[in-house]
Amino acid sequence: MSNKMWGGRFASAPDAIMEEINASIDFDRELFRQDIAASKAHVAMLAETGIVEADDAAAIGRGLDAVLAEIESGRFTFSRALEDIHMNVESRLTDLVGPAAGRLHTARSRNDQVAVDFRLWVRDAVDALDGQMRDLQIALVDRALEHASAVMPGFTHLQPAQPITFGHHLMAYVEMIGRDRGRLADARRRMNECPLGAAALAGTSFPIDRYKTAIALGFDRPTANSLDSVSDRDFALEVLAAAAICATHLSRFAEEIVLWTGPFFGFLKLSDKFSTGSSIMPQKRNPDAAELARGKTGRILGALQGLLVVMKGLPLAYSKDMQEDKEGVFDAVRSLSLCLAAMTGMTRDMSVDVARMKATAGAGYATATDLADWLVRRLGLPFREAHHVTGKLVGVAAAREVGLEDLSLADMRSVEPRIEQDVFDVLGVEKSVASRTSYGGAAPDNVRAQAESWRARLAAEPG
């Protein structure tokens, strides 16, 4: 029997294996809203330019609305034999409005059709992800203000380095997510050109108005080159790259939650809402939400790598390989959305053991740099010499198993005779943190100012 889609060129149906590898309806049905929206814009333009009669265009528009309602209500039957969302919608449209449905595909191809559908879907996904990132920033800012003065150890190499505050630590993630949002905004601006009307690869001889369809679909303008229009997947790659970076940021935070909720750190606790137990060890409270957010990062990074590999060897314009562009993007967006929700929930849920944080903030001689800075300021030592003197004093304290603040003035002067009593004014962890007043530093007043600035900025955003 003749193939329903290819008409007279093919005399028989495809092999079952061909049908299996070729069909995309199992996943591209997710594009149904975008496909119908693009078709409505296209047929409206065809009517306004006189390419299709107004009555036929009106019937097609009503039919598309009916198809949309059927899909949204779950009454629509998808057919794998029709391959993809485009042909499934068009076939049902033909059932509803008759031969007039065949005029919808005038001056377009499935190549530009899928290009516009996918671009619309990714644009919608960017907007939704941006909203979730904003929610996470708000949660982080709220907790940072709550704990702007809560002293904790700052780490390098996962070793105690210098005292900071928990609020300062949280504000670091506000900055990271801010950059993630900026990357998505940049990607959205670049993708906001409409490929509809490029047809298969060369444009069309029909007198279409591509600006009209572009504006109707919320794009800034039509794409400028028909070959590029149907073969471009930069927009998906760019969003995947931004998603991968964001997921990496979330994974780092998740790793810290995993560490800090354990008994060896004991900085945080998660409620039952974000914890699980063990099937065999009744005492366990596992931070599985954080672990899963950390783990899903691999899927998002893999989606980026997968699409890069698909695209790297393709000549212009469209190749069927590009059917592999969607599943990874769909999965990455779903995964990132879930991770953002989980991290926002945990940020709001976590309880902070302020006393435990403070008790460990001075571990590992974390105020040693404050001592070295004092030697530079008060005694005029070059920093390298001050570093050397401080190292010797740390050695003295370590040999006696005491903190720097527990050494006597005589102990200090045994290494550097010019040290005065007021050196002890800089050795407490709270004094250390309070002294970090440089722009972007960890002083509590800095943290509050930064958090309030972000709070005002986020509140001023539309929506």
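Since we're looking at a predicted model, the values are computed, not measured.

Definitions and cut-offs
Residues numbered from 1 in each chain as written. Predicted model: local features only at pLDDT ≥ 70, side-chain atom pairs only at ≥ 80, totals over all residues. Heavy atoms only, no water. Helix = DSSP H or I, 4+ residues; strand = E, 2+ residues; numbered from the N terminus. Rg over C-alpha atoms; globule rule 2.2 N^0.38 Å. Buried < 20%, exposed > 50% of the residue type's maximum accessible area, 1.4 Å probe, protein only. Areas by Shrake-Rupley, 256 points an atom, 1.4 Å probe, with all protein chains shown as cover. Phe/Tyr/Trp six-rings, centres within 6.5 Å; stacked < 30°, edge-to-face > 60°. Lys NZ or Arg CZ within 6 Å of the ring centre and 35° of its normal. Axes fitted to C-alpha atoms, helices over the stretch in contact; angles between N-to-C directions. Parallel < 35°, antiparallel > 145°, perpendicular 65-115°, else oblique. Left-handed = near helix turned anticlockwise from the far one by under 90°. Nonpolar A, V, L, I, M, F, W, Y, C, P; charged D, E, K, R; others polar. Salt bridge = Lys/Arg side-chain N within 4 Å of Asp/Glu carboxyl O. Contact = heavy atoms within 4.5 Å. Expected span 1.5 Å × (residues − 1). Arc of directions from axis to C-beta. Pairing = 2+ DSSP bridges. Patch = residues over 30% accessible without salt bridge, like charges linked within 9 Å, V, L, I, M, F, W, Y side chains within 5 Å. Core = buried A, V, L, I, M, F, W, Y, C linked by side-chain atoms within 4.5 Å.

> I'm lost on the overall build of the protein in this one. Help?
The helix and strand tally for the protein stands at 18 helices and 6 strands. In terms of overall dimensions, the protein is more spread out than a globule: its C-alpha atoms have a radius of gyration of 30 Å, far above the 23 Å expected for 463 residues. Seen through its principal axes, the protein has C-alpha atoms that stretch 100 × 55 × 40 Å. Burial status across the protein gives 49% buried among its 463 residues. On the protein, roughly 21900 Å² of surface is accessible, and the fraction owed to carbon and sulfur atoms is 54%.

> Got a minute to help me understand the packing of aromatic side chains in this structure?
The description of an aromatic ring pair rests on the distance of the ring centres and on the angle between the ring planes. Using the criterion set out here, one finds 9 aromatic pairs in the structure. Ring centres of F166 and W260 lie 6.2 Å apart, and the angle between their planes is 65°; this geometry places the pair in the edge-to-face category. Within this pair, whereas F166 is found in helix α7 (residues 166-191), its partner W260 is found in helix α10 (residues 234-260), the two being separated by 94 residues in sequence. Comparing F166 with W260, the two get one shared label, buried. Here the guanidinium or amino end of R29 rests over the ring plane of F78, the centre of that ring lying 4.3 Å away. Lying across the ring of F219, R123 places its NZ or CZ 4.6 Å from the centre.

> How should I be thinking about the packing of α10 against helix α11 (residues 288-311) in this particular structure?
For any two helices packed against each other, one specifies the inter-axial angle together with the distance between the axes. In the contact formed by α10 and α11, the axes pass within 8 Å of each other and the chain directions differ by 160°. By the angle class used here, α10 and α11 are roughly antiparallel. Taken as a pair, α10 and α11 cross one another with a handedness that is left-handed. Classifying every residue of the contact of α10 with α11 gives 18 nonpolar, 3 polar and 3 charged.

> Could you clarify how one ought to interpret the pattern of salt bridges in this entry?
Two side chains that carry opposite charge are able to pair once their charged atoms sit near each other. The final tally for this structure, using the stated rule, is 35 salt bridges. The salt bridge involving D26 is made with R80; its shortest N-O contact spans 3.1 Å. In this pair, D26 sits in helix α2 (residues 25-28) while R80 sits in the loop between α4 (54-73) and α5 (85-97), placing the two residues 54 residues apart along the sequence. On the accessibility criterion, D26 (47% relative accessible area) is partly exposed. Where salt bridges share partners, they join D130, R134, R181 and E461 into one cluster.

> How should the side chain of T297 be read in this particular structure?
Take T297: it is sitting in helix α11. Not counting residues up to four positions away in its chain, the partners in contact with T297 are A247, T248 and S251.

> Which parts of the structure should I look at to understand helix α15 (residues 383-400)?
Note that an α-helix has 3.6 residues per turn; residues three or four places apart therefore point the same way. Here α15 spans 26 Å end to end across 18 residues, near enough to the 26 Å set by a 1.5 Å rise per residue. Within α15 the residues assigned to the buried category are A386, V389, T390, L393, V394 and A397. Here the buried residues of α15 occupy an arc of 145° about the axis, which is enough to place them on one side. Of the residues in α15, the exposed ones pointing more than 90 degrees away from the buried face are R384 and A399. For α15, the elements touching its buried residues are α14 (368-379) and α16 (409-415). Note on α15: the residue one or two positions beyond its end, E401, has a positive phi of about 60°.

> Would you mind showing me how to read the pairing of strand β2 (residues 159-165) here?
In summary, the side chains of a regular strand alternate between the two faces of the sheet. Of the pairings in the sheet, the one linking strand β1 (residues 151-156) to β2 comprises 6 bridges and is antiparallel in character. In the strand pairing of β2, F155 is matched with P160. Hairpin connection between β1 and β2: a loop of 2 residues separates the two successive antiparallel strands, and H157 in this loop has a positive phi of roughly 60°.

> Hey, could you run me through unusual backbone geometry in this one?
Glycine aside, a negative phi is what most residues show, and trans is what most peptide bonds show. Along the chain, L316 connects to A317 via a cis peptide bond; the corresponding omega equals 10°. By the element assignment, A317 lies in the loop between α11 and α12 (326-349). Despite not being glycine, H157 shows a phi value in the positive range, around 60°. Note on placement: H157 falls in the loop between β1 and β2. A positive phi angle, near 60°, is found at E401, a position not held by glycine. Structurally, E401 can be placed in the loop between α15 and α16.

> How should I be thinking about a nonpolar patch on the surface in this particular structure?
A cluster of nonpolar residues, L201, L227 and L316, forms a patch on the protein surface that exposes about 270 Å² of accessible area. Relative to the helices and strands, L227 is located in helix α9 (residues 226-231). Accessibility expressed as a relative area gives 31% for L227, which makes it partly exposed.

> Is there a simple way to explain the nonpolar core in this structure?
When a protein is soluble and globular, its nonpolar side chains tend to lie buried together. Counting residues in each nonpolar core, the largest one holds 94 residues, and the members touching the most others are F166 and L336. Tallying contributions element by element places α10 first for this core, with 16 residues. For F166, the contacting residues outside a window of four places in its chain are H147, A150, M152, W260, L268, M350, V352 and M357. One finds L371, L393, L407 and M412 within the second-largest nonpolar core, a separate group that totals 21 residues.

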